[in-house]
Amino acid sequence: MQPNEITEILNRPLSQELLARDVTRLAYIAKDGTPRNVPIAFTWNGAEIVMCTTKNAPKLPSLRRNPQVALTIDTEVHPPKILLVRGRAELDHVDGIPEEYLQANTTYEMTAEQRVEWEAEVRSLYHDGMVRIVVTPTWAKLIDFETTLPSAVEELVRRRAERQAHPVD
């Protein structure tokens, strides 16, 4: 997929809505060779999806070994709206709490007091820093079940149209 195609998909209004959500599902290959898919908070900075995790997270050795990942961001309504992204995870060890981690959790409903308590807890828990998982999209697909469908369903729609256009006598 060409960079301009990825940009076009990610700049669509629905993609932008999905990229403003809090949680994605991060799929990767674990050290035992089996797939994993974990929910994780994220932010979109206009070019990269940034997730933050603990320095001792089990996913980190796996991502170092095989940095290829897939992400799913979707809605809970019918029909679902789904943004699929693939890319390569780059790991960035940081001191303190990355600003993206605090941003990724800003849409959760919290009172001002709860937010202060949450940030204090985060700062005490992750006092030795975190790891930023940064993914630059190398592939993207938006599925809204109105103008775009999963490729297998698109194929079925095409076949049905052909059958209806040329019925068997």
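Structure first, text after, so check above.
These lines cover the structure that appears in this document, whether it is placed above or below. (Residues numbered from 1 in each chain as written. Predicted model: local features only at pLDDT ≥ 70, side-chain atom pairs only at ≥ 80, totals over all residues. Heavy atoms only, no water.)

## Description of the overall build of the protein
Using the following cut-off: We count a stretch as a helix when DSSP gives it H or I for four or more residues in a row; a strand needs E for two or more, and each element gets its number in order from the N terminus. With a 1.4 Å probe rolled over the protein chains alone, any residue whose accessible area is under 20% of its type maximum counts as buried; one over 50% counts as exposed, and the rest are partly exposed. Pairs of residues are marked as contacts when any of their non-hydrogen atoms sit within 4.5 Å. All accessibility values rest on the Shrake-Rupley procedure with a 1.4 Å probe; residue burial counts only the protein chains present in the view. Positive charges are assigned to Lys and Arg, negative charges to Asp and Glu, while His and the chain termini are left out of the count. By convention, charge coordinates are those of NZ in Lys, CZ in Arg, CG in Asp, or CD in Glu.
Assigned secondary structure in the protein consists of six helices and six strands. Its helices and strands in sequence order give the protein the pattern α-α-β-β-β-α-β-β-α-α-β-α, from N to C terminus. Counting only C-alpha atoms and orienting by the principal axes, one finds that the protein spans roughly 75 × 40 × 30 Å. Looking at the protein residue by residue over its 169 residues, the buried ones come to 38%. Taking the contacts inside the protein whose residues are at least 6 apart along the sequence as the reference set, 68% of them involve residues at least 24 apart. Put simply, the protein shows about 10300 Å² of open surface, and 53% of that area lies on carbon and sulfur atoms. Charge separation in the protein, taken as the distance between the mean sites of 20 positive and 25 negative side-chain charges, equals 8 Å.

## Comments concerning the environment of P137
On the secondary structure map, P137 appears in strand 6 (residues 130-143). Beyond its immediate sequence surroundings of up to four residues, P137 is in contact with I6, L10, W44, A47, V85 and R86.

## Topic: the pattern of salt bridges
The following threshold applies: The working definition used for a salt bridge is a side-chain nitrogen of Lys or Arg within 4 Å of a carboxyl oxygen of Asp or Glu.
A complete count under the given rule lists 12 salt bridges for this structure. Its salt-bridge partner being E100, residue R132 comes within 2.9 Å of it at the nearest N-O pair. Here R132 is found in strand 6, whereas its partner E100 is found in helix 4 (residues 99-104), with 32 residues between them in sequence. Residues R158 and E162 are paired through a salt bridge, measuring 2.6 Å at the closest nitrogen-oxygen approach. Taken together, the residues span about one helical turn, with R158 and E162 both in helix 6 (residues 151-165) at a distance of four residues. Each member of the salt-bridge network shares a partner with another, and the members are E155, R158, R159 and E162.

## Quick word on the pairing of strand 1 (residues 23-29)
To be explicit about the condition: By the convention used here, strands pair only if DSSP detects at least 2 bridges between them.
By the alternation rule, side chains of strand 1 split into T24, L26 and Y28, which are all buried, and V23, R25, A27 and I29, of which none is buried. Relative to strand 2 (residues 35-44), strand 1 runs antiparallel, the two being bridged by seven bridges. The residue of strand 2 that forms the bridge with Y28 is R36. Connecting the antiparallel pair strand 1 and strand 2 is a turn made up of five residues, with G33 showing a positive phi of about 85 degrees. Judged from the three bridges that link them, strand 1 and strand 4 (residues 68-74) form a sheet pairing that is antiparallel. Within strand 4, the position partnered with A27 by the bridge is A70.

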